[in-house]
Every structure is written in C-alpha cells, then in structure tokens.
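Close look at the chain arrangement
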Amino acid sequence: MVQRGLDSRQGETALWLAGFVPNFGIDLHAALSAARHGHALEARLDDFRRAWVQDFDLEQRIVQSFNLDLRKRVPAYRGWHEIGCLRDLPVISKRDLLYRGADFLHDDAASLDLYAKTSSGTSGRPVKIGYAPVFQFEYLLLSIRKVAYAAGLDLDPVRRIQCVRVIDRDDSGSVLYPDPTGLAGPVLRLQVDTRSLAELDSCANLLRRIGPAVVSSKPSILDGLSRSGARPFDRDQIQLVVSGGAVLSAEISGRAAQFFNASVVSAYGLSETGLVAYQCAHGRFHIDRSACYVEQDGPSGAGTAELIVSTLLNPAMPLLRYRTGDSTLPGQTQCACGRSDPGLVEIAGRIVPTFRTAAGAPVSPSQLFRNLPSYSKDLIEYRVDQLEPGRFAVTIETRAVDRAEFARQIAARLNGALDGVGSASVILDEIPRGDKFQRYRDLSG
Ligand SMILES: [Zn+2]
C-alpha cells in the first residue's frame, strides 16, 4: 500500500526519538519524493524478490532503455546507434566520471531535485555523483529490506525504526528518514565519534533503547562498538547486522556477531552505482540481478576478475559498463541457499584497514584523515600508511611550487587535527593510481 505523505505515526516516532537522541534532523525531502515514487519503488521490490529466486533479464531491459532513450538523452551516450547487447558499448571508468562526469547526467536530471554527493575516495580520487530522489530513497531505506531478504529475513515494514545506520561524526548531523511508502520502514542515521570509547558506549545504549531490526555500519565502527566495553545485546534485540563500505574481516564479523547477538552480513556497493551484491545466509555474495547487470572481466577459470556494473537504479546518472576497480573471485557452483547463478565467492577489493589511536582504540582511517583533502587545492593525491598504532606516514603529491614548504604546512595542520590521537609524518612522492590503488594501508603488522 502506498501512502501519500507523512502520517501521524511517523510524527510520533520523531517525537519519541527527540526524547533521548541528541540533535537529529528529519529528511522530509527524501520522504516526500519517495511518496511520489511509491509505485516505482514497489515495483523495484517486486523485481528484486523475483530476481532473487529466478532468472531475470536485466540486460535486455537496459539495452531497450539505451536504444529508446539513453542514446538520445544522455550526452555521454549521444550519437550511438542501436545496440544488441551491452558488450556493444565501451567500458567506462572512474576517470571518465572525474573528467566528464556531467556528460553522464540524463537530460531529465535538469528537472529533478538532484542530490549531489562526492564518493568517499577510499579507492581513488573522489568523484561527484548526481543522485535522483528515487535512488536516494532506494539507497537509504529500501536497500535494508533487500539486504535482509537476501539474508533470509523478511522484515516487517511497519516498525517504529527499521534500521539504525551508524556513521562517523561529520558536519551533516544525525538524520531521521521517514518512510511514507510503507515499503521499507524508517531509518535513523546516527552519528558517533568513533575516537571516543565513551561515545561508542553511549551509542550502544542508544541502539538498545531504539531497538531497530537492523544495525548497519562499516567494519571499523562495528569493531569499535564491539570493543567499547558496552554490555552485549540480548538475543533478538537486533535481528541483523549489516556491514558495508569495506571488506569485513572474519575477525570483526565474529566479534560483532557476539556483541549484537545477531547474524552479520555484508552488502557490497559503490557510491557510483548503489548496492550491487548481498551476502546470503550462507555467507556468499549474490548479485542483485534486478538492479545490476554484472560482467566479470578477467581470465576465465581460476583467479580474480574485475567487476563491471551496468545499472539504471539512478535514473539521473545511468552508468553502463562501469569499471568498479574491485576484484572478485567468481564461483560457478550452486550455493547452499539454492541460488545457482555465478555468484561472487568473495569481494576481494577495497580492504580498508582499521587504524588505531596511540591509546589503541580502533578508528576508521577515512574519519581520521577526512579533512586532509580540504587543506589545499595544491594537493593532488595522498595515501596514508599506519606504521604502528597512532603513527602514520602520509605520502602526498602536490603541484605547489615550494614542495618542501607545502609538506611542512600539511604536516602542521595534520598533527594539529590528530590532536593527541596520533602523529603523522609527511613524505613527498608520486603515487601510482592504478585500479589497485589503496588510500589507506596498515603496515603495522
Ligand atoms: Zn547463497
């Protein structure tokens, strides 16, 4: 059933939260645009469920959309003749988005209230993506139901808070995303300063009080929460823990499963494409065939292959044959969950390590060094290596004329920002920028 706006129950939820969650905003914009797209979103969820259990010809859908629409109305594809299959198109890469990203915006995007976001940049230079409101809603809310469904859990969409997404503290604040469609359930994005054990502890207590079905976060935060010293959760307080944004190690996964007393699964996606694959209850990644058409580029047989993704999930910026830079180990055998598609045995790319403060507290590298890119326009690229807990070597590439002076200034600002959490030395060097580029490395052993 698709409702038409915010009802009183959602207002009550906001009031209830305001009683104990400090300073959160409410994203009415995403909610209202979701209400307008209720039917489309319902169709997406139906497609997803169908595609999870049977074949789904997404390629044909994309090809049709390309021939009828995209080749006329997306500048980057303009002038192309009709195609028979996606392989008729060239592969595009992050570089294309960096240098001519606006060419991938659909003509219709001009009339949409676009939400622009810069990708996290953990695997290369950040790129700017324009999101349609319907994509926003899918990414923030609907994806929770998909992930849970893939893990064997059919969530009740009528729930006070369906999911709490715990993120690093930045300037955007905590946000409640109401769900006027009744398809997904409200999501609360909750900020926490992961450098503080006291904050991690109070975050765990907030989670207990809110009681969402799902807790979603990235590995370093799940690790921090599990080690915060907070009392572990009782059985069934949380139904599922979802990890995303980086590869989840078996070690952190095990700790989080114990702490939350719930199953832990990973979702794999990119800022550019949305979610691509989910882990089933048997621990294997399966592609969301209703949303992403995936090619695996590499030698057939053994060895890793690079993922190439085509998706129409974001109508504002349809990316076809996008080279992800992430490698996988493809597997062909049937999974114990019953799916026999060529699943992804594991996502081998983008392992973002957890850094440690000098005091030994786990902290996410992108949180610790998030302001570095804003220090100077002369900074071309950077990479951070942890040498030992709290000690970092930051390699920078600059276009500044006085490189030594530039390095001194960056070092001063960095160490000011690290503020006792650790120290950084700055090295001037060229940084190779292939597909294997990793911004954060842990060399502490
Ligand atoms: Zn499976």
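Residues numbered from 1 in each chain as written. Predicted model: local features only at pLDDT ≥ 70, side-chain atom pairs only at ≥ 80, totals over all residues. Heavy atoms only, no water.

Looking at the pairing of strand β5 (residues 174–177)
Just so we agree on the cut-off: Buried means the residue's accessible area, taken with a 1.4 Å probe over protein chains only, is under 20% of the maximum for its type, while exposed means over 50%, and partly exposed covers the values in between. Here a strand is any run of E in DSSP of at least two residues, a helix any run of H or I of at least four, and the numbering for each starts at the N terminus. Only strands joined by at least two bridges in the DSSP assignment are considered to pair.
Of the two faces of β5, the one holding Ser174 and Leu176 and the one holding Val175 and Tyr177 are both buried throughout. Two elements, strand β1 (residues 24–26) and β5, share 3 bridges in a ladder whose sense is parallel. Across the sheet, the residue bridging to Gly25 is Val175, located in β5. Looking at chain direction, β5 and strand β6 (residues 187–192) are connected through 3 bridges and run antiparallel. Bridged to Tyr177 within β6 is Val187.

Quick notes on the pairing of strand β20 (residues 423–428)
This is how it is decided: Seen with the strands pointing away from the viewer, any crossover whose path from the first strand over the helix to the second strand runs clockwise is right-handed.
Pairing analysis gives 6 bridges linking strand β19 (residues 391–398) to β20, with the strands arranged parallel. Among the inter-strand pairings, Val394 is bridged to a residue of β20, identified as Val426. For the crossover that starts at β19, traverses helix α11 (residues 403–418) and ends in the parallel β20, the hand is right-handed.

Structural notes on the sheet that holds β19
Where we set the bar: Fitting a line to C-alpha atoms yields each axis, with helices limited to the stretch in contact; the angle taken between N-to-C directions then spans 0 to 180 degrees. By definition, residues are in contact when any of their heavy atoms lie within 4.5 Å.
Across the sheet, which stays open at both edges, the 4 strands sit in the order β20-β19-β18-β21 with mixed pairing between neighbours. Edge positions in the sheet fall to β20 and β21 (440–442), since each has one partner strand and no second. When the angles between neighbouring strand axes are averaged without regard to direction, this sheet yields 20°. In this fold α11 packs onto β18 (379–388), β19 and β20, with an angle of close to 160° to the strand it touches most, β20.

Notes on the nonpolar core
Cut-off, in case you're wondering: Note on terminology: a nonpolar core comprises buried Ala, Val, Leu, Ile, Met, Phe, Trp, Tyr and Cys residues joined through side-chain atoms within 4.5 Å.
Residues Tyr77, Leu97, Phe104 and Val276 are the most contacted members of the largest nonpolar core, which totals 36 residues. The set of elements that each furnish at least two residues to this core consists of α4 (58–73), β3 (128–131), β9 (263–270), β10 (274–279), β11 (285–287), β12 (292–297), β13 (305–311) and β14 (319–330). It is α4 that contributes the most residues to this core, 5 residues altogether. If we ignore the near neighbours within four places in the chain, the residues touching Val276 are Tyr268, Gly269, Leu270, His286, Ile287, Asp288, Cys292, Val294 and Val309. Core analysis: the next-biggest nonpolar cluster, separate from the first, contains 34 residues, Ala34, Phe48, Ala150 and Leu240 among them.

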